[in-house]
Amino acid sequence: MEEKASNIAISVKNVSMHFNMCSEKLNSLKEYFIKFIKRQLFFSRFIALENINLNIKKGEVFGIVGLNGSGKSTLLKVICGVLKPTIGKVKISGRISPLIELGAGFNMDLTARENIFLNGAVLGYSKKFMNEKFNEIVEFSELREFLDVPMKNYSSGMVARVAFAVATIVKPDILIVDEILSVGDFKFQEKCNKRIKELMQGDTTVIIVSHHMEEIKKVCNSVLWLDHGHLKMIGETEKVCNAYKNFS
Amino acid sequence: MKKYIENFIKYFPLLFLLTSKDFKLKYRRSVLGVFWSTLNPLLIMIVVTSVFSVILKFSLEKIRMPFAVFYITGSLIFNFFSEASSSSMTAITANASLIQKVYVPKYIFILEKCAFSLINLMFSTIAVLVVVFYYVLKGQVVLHATIFLIFIPIFFTFLFSIGVGLILSTLTVFFRDIVHLWGVILTMWVYLTPIVYPIEVLKFSSLDWVIKLNPIYYFVTDLRKVMILGEIITLKSLIIESFSCFIVLILGILLFKKAQDKFILHI
Ligand SMILES: Nc1ncnc2c1ncn2[C@@H]1O[C@H](COP(=O)(O)OP(=O)(O)OP(=O)(O)O)[C@@H](O)[C@H]1O
Ligand SMILES: [Mg+2]
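Residues numbered from 1 in each chain as written. Chains lettered and ligands numbered in written order. Predicted model: local features only at pLDDT ≥ 70, side-chain atom pairs only at ≥ 80, totals over all residues. Heavy atoms only, no water.

J.: Quick question: what am I supposed to make of the overall build of chain B here?
T.: Each helix and strand in chain B was counted, giving 12 helices and zero strands. Element order for chain B, N to C, with α for helix and β for strand: α-α-α-α-α-α-α-α-α-α-α-α. Since a compact globule built from 267 residues should have a radius of gyration of about 18 Å, the 20 Å found for chain B is in line with a globular shape. With the principal axes as the frame, chain B shows a C-alpha extent of 60 × 45 × 35 Å. Here chain B holds 267 residues, and 51% of them are scored as buried. Considering only contacts within chain B whose residues lie at least 6 apart along the sequence, 78% involve residues at least 24 apart. Put simply, chain B shows about 13,200 Å² of open surface, and 75% of that area lies on carbon and sulfur atoms. Of the charged side chains in chain B, 24 are positive and 12 negative; the average position of the first set lies 6 Å away from that of the second. (Helix = DSSP H or I, 4+ residues; strand = E, 2+ residues; numbered from the N terminus. Rg over C-alpha atoms; globule rule 2.2 N^0.38 Å. Buried < 20%, exposed > 50% of the residue type's maximum accessible area, 1.4 Å probe, protein only. Contact = heavy atoms within 4.5 Å. Areas by Shrake-Rupley, 256 points an atom, 1.4 Å probe, with all protein chains shown as cover. Lys, Arg positive; Asp, Glu negative; His and termini not counted. Charge placed at Lys NZ, Arg CZ, Asp CG, Glu CD.)

Here it is as structure tokens:
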């Protein structure tokens, strides 16, 4: 059944992701030549995702579950454009804000102030925009007195606070959350959850990966179950979650 | 094409911030940092000059300028190329953690390294000007209006470095040991560029035409022409320079574009 294209925020078509896995890490020219001459160049192909098809509607809260190594993070990376799929196509409508790994792009030698601007630029925000939002970010992370300290002197929870604050300053069209809320103290986790809920209330499309079934059940409209890179089941939250629970 | 330009504009602040990050990290801990980076070429120049002006005694009048000026102008260009290409080549691997997590146009990292080298070149230019003015006062160099044309050879070197940087950074992702190889190549390259000797020395040697295949030879020669000798750049060398930059840039862009989606699997 064809759905109206304008309703779809993310469409993933026939996506497969293969990784070349060398038995040993082969990244020097010398080794490469030696192996090449000895005809020992073996690449084994690892299939991380195979023929995934899915459409996510605008405003939907979509969960992904699966065992470790089943390809959840890989699928998210394909969706947000970090990885290019070996086969297939991904179509996105709107601005994505990835919360895949907090603090990507922080340089620990720089101060938090400098990192906030750097991280904003990594996400493609203009300097003017960052100037406007700077105070809001600092308020949210509650680390005003540490602003001019190099981030290598921060605790990992403090780094996560700053990163989360930067990543959620704008209301994105699509928010991608990959089990990031495990760091940070309980108070900050609550704050983050509240922020995510706010974002979910509007017409923001959200994709959540989590191993907490309770959380998935609470927030998701529909769920995808990945198993060894295959789409095992997709559909109503309750149904998929129960099947996944009984299986594992 | 429009898509690429829009994307570039969107990520321009990133380019700017990465460059200023490099700048801050390099100069933060020493107030004298900027001062050192101008003093350093001066010190090397003094050593090189005192040795080579003795060795090259008989061909010194060929260069038509004091040896110190000859050397420091040549090394300005080559040091820039050497720094820009070496730092670009590790730009992708050094930013692995970022590339694995967020989408950013990857060529930004190469542009950033070349831009940062360009800033360092500006500081080194101060040292060059100090030397030039010293000899102007001594009456051995005459200032010409063509000195304002120095941006032309510098710009060509910049483009050339970006092209080489794109090629090298791509190769480095797949073969890490290229980094060592490049160090060796740069050492050979600097000897094949008339920086401490005038090309006339090699007039009857077969090396003469090898050097004329070296694009940096033209950048260096033209810099000296406009900066010191008051000559303008000939059409012939303009064509050679644009052509070599064009070739290297196109090669770099094609290679980089073809390989960039695979970077993430290898870093
Ligand atoms: N760059 C890579 N090169 C080779 N193999 C990779 C690469 N990235 C991921 N893989 C493989 O792909 C598979 C899926 O990994 P992925 O990170 O998507 O799992 P996941 O479902 O997110 O697991 P988890 O629940 O532990 O987060 C793993 O077996 C992993 O080894
Ligand atoms: Mg994962």
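J.: I keep staring at the packing of helix 8 (residues 151-174) of chain B against helix 9 (residues 178-191) of chain B and nothing clicks. Help me out?
T.: If you want to describe how two helices pack, look at the angle between their axes and the distance between the axes. All names here are of chain B. The interhelical angle for the contact between helix 8 and helix 9, taken along N-to-C directions, is 150 degrees, at an axis separation of 10 Å. Between helix 8 and helix 9, the residues in contact are Phe160, Val164, Leu168, Leu171 and Thr172 and Ile178, Val179, Trp182 and Trp189, respectively. Residue composition of the contact of helix 8 with helix 9, by class: eight nonpolar, one polar and no charged. (Axes fitted to C-alpha atoms, helices over the stretch in contact; angles between N-to-C directions. Nonpolar A, V, L, I, M, F, W, Y, C, P; charged D, E, K, R; others polar.)

J.: Is there a simple way to explain the nonpolar core in this structure?
T.: Residues Ile116 of chain A together with Leu14, Phe81, Ile92, Phe160 and Ile216 of chain B are the most contacted members of the largest nonpolar core, which totals 135 residues. It is helix 4 (residues 67-89) of chain B that provides the largest number of residues to this core, a total of 13 residues. Setting aside residues no more than four positions away along its own chain, phenylalanine 160 of chain B makes contact with Phe81, Trp189, Pro215, Ile216, Phe219, Ser244, Cys245 and Val248 of chain B. One finds Ile52, Leu76, Val78 and Val209 of chain A within the second-largest nonpolar core, a separate group that totals 27 residues. (Core = buried A, V, L, I, M, F, W, Y, C linked by side-chain atoms within 4.5 Å.)

J.: How do you make sense of the layout of surface pockets when you look at a structure like this?
T.: Once rolled over the atoms, a probe with the size of a water molecule shows which space is left empty. What the largest pocket holds in volume is close to 1,800 Å³. Residue assignment for the lining of the largest pocket shows that the elements contributing at least two residues are strand 4 (87-92) and strand 5 (96-99) of chain A together with helix 1 (2-10), helix 7 (107-137), helix 8 and helix 12 (235-266) of chain B. Its residues assigned to classes, the lining of the largest pocket comprises 30 nonpolar, five polar and nine charged. Both domains that meet at the lining of the largest pocket, namely domain 1 (1-95 + 172-248) and domain 2 (98-171) of chain A, each give it at least three residues. (1 Å grid on protein atoms, 1.4 Å probe; cavity = no way out; pocket = protein on both sides within 12 Å on 5 of 7 lines; lining within 4 Å. Points joined across faces, edges and corners; volume = space filled by probe spheres on them. Domains from an automatic or database assignment.)

J.: Could you clarify how one ought to interpret the pattern of salt bridges in this entry?
T.: Side-chain pairing between opposite charges can occur once the charged atoms of the two side chains come close. All names here are of chain B. Enumeration over the complete set of coordinates arrives at 17 salt bridges over all chains. Across the pair lysine 113 and aspartate 22 runs a salt bridge, and its minimum N-O distance is 2.8 Å. Residue lysine 113 is located in helix 7, and its partner aspartate 22 is located in helix 2 (residues 12-27); the two are separated by 91 residues in the primary sequence. Of the charged contacts, one joins glutamate 231 and arginine 64 as a salt bridge, the two residues approaching to 3.1 Å between their closest N and O atoms. (Salt bridge = Lys/Arg side-chain N within 4 Å of Asp/Glu carboxyl O.)

J.: Honestly, a nonpolar patch on the surface in this entry has me stumped. Any pointers?
T.: On the surface, Phe243, Phe246, Ile247, Ile250, Leu251 and Leu254 of chain B cluster together to form a nonpolar patch covering roughly 600 Å² of accessible area. Looking at the element boundaries, phenylalanine 243 of chain B is found in helix 12. (Patch = residues over 30% accessible without salt bridge, like charges linked within 9 Å, V, L, I, M, F, W, Y side chains within 5 Å.)

J.: I'm lost on helix 9 of chain B in this one. Help?
T.: In an α-helix there are 3.6 residues to a turn, and that puts residues three or four apart on one side. Residue and element names in this part refer to chain B. For helix 9, built from 14 residues, the straight-helix expectation of 20 Å at 1.5 Å per residue is met to within 8% by its first-to-last C-alpha distance of 20 Å. Buried within helix 9 we find Ile178, Trp182, Leu186 and Trp189. On an axial view of helix 9, the arc spanned by its buried residues comes to 85 degrees, and they lie on one face. Opposite its buried face, helix 9 presents the exposed residues His180 and Tyr191, each directed more than 90 degrees away. (Expected span 1.5 Å × (residues − 1). Arc of directions from axis to C-beta.)

J.: Would you mind showing me how to read the site of ligand 1 here?
T.: Residues and elements named next belong to chain A. Residues in close proximity to ligand 1 total 14 residues, the closest being Asn68, Gly69, Lys72, Ser73 and Thr74. Threonine 74 places a polar side-chain atom, nitrogen or oxygen, 2.5 Å from an oxygen atom of ligand 1. Across the complex, the protein chains shield 66% of the 640 Å² of accessible surface that ligand 1 would expose by itself. It is helix 2 (residues 72-79) that provides the largest number of residues to the shell around ligand 1, a total of three residues. Split into classes, the residues belonging to the shell around ligand 1 amount to five nonpolar, seven polar and two charged. (Near = heavy atom within 4 Å. Polar contact = N/O pair within 3.5 Å; in protein donor to acceptor, adjacent residues only side chain to side chain.)

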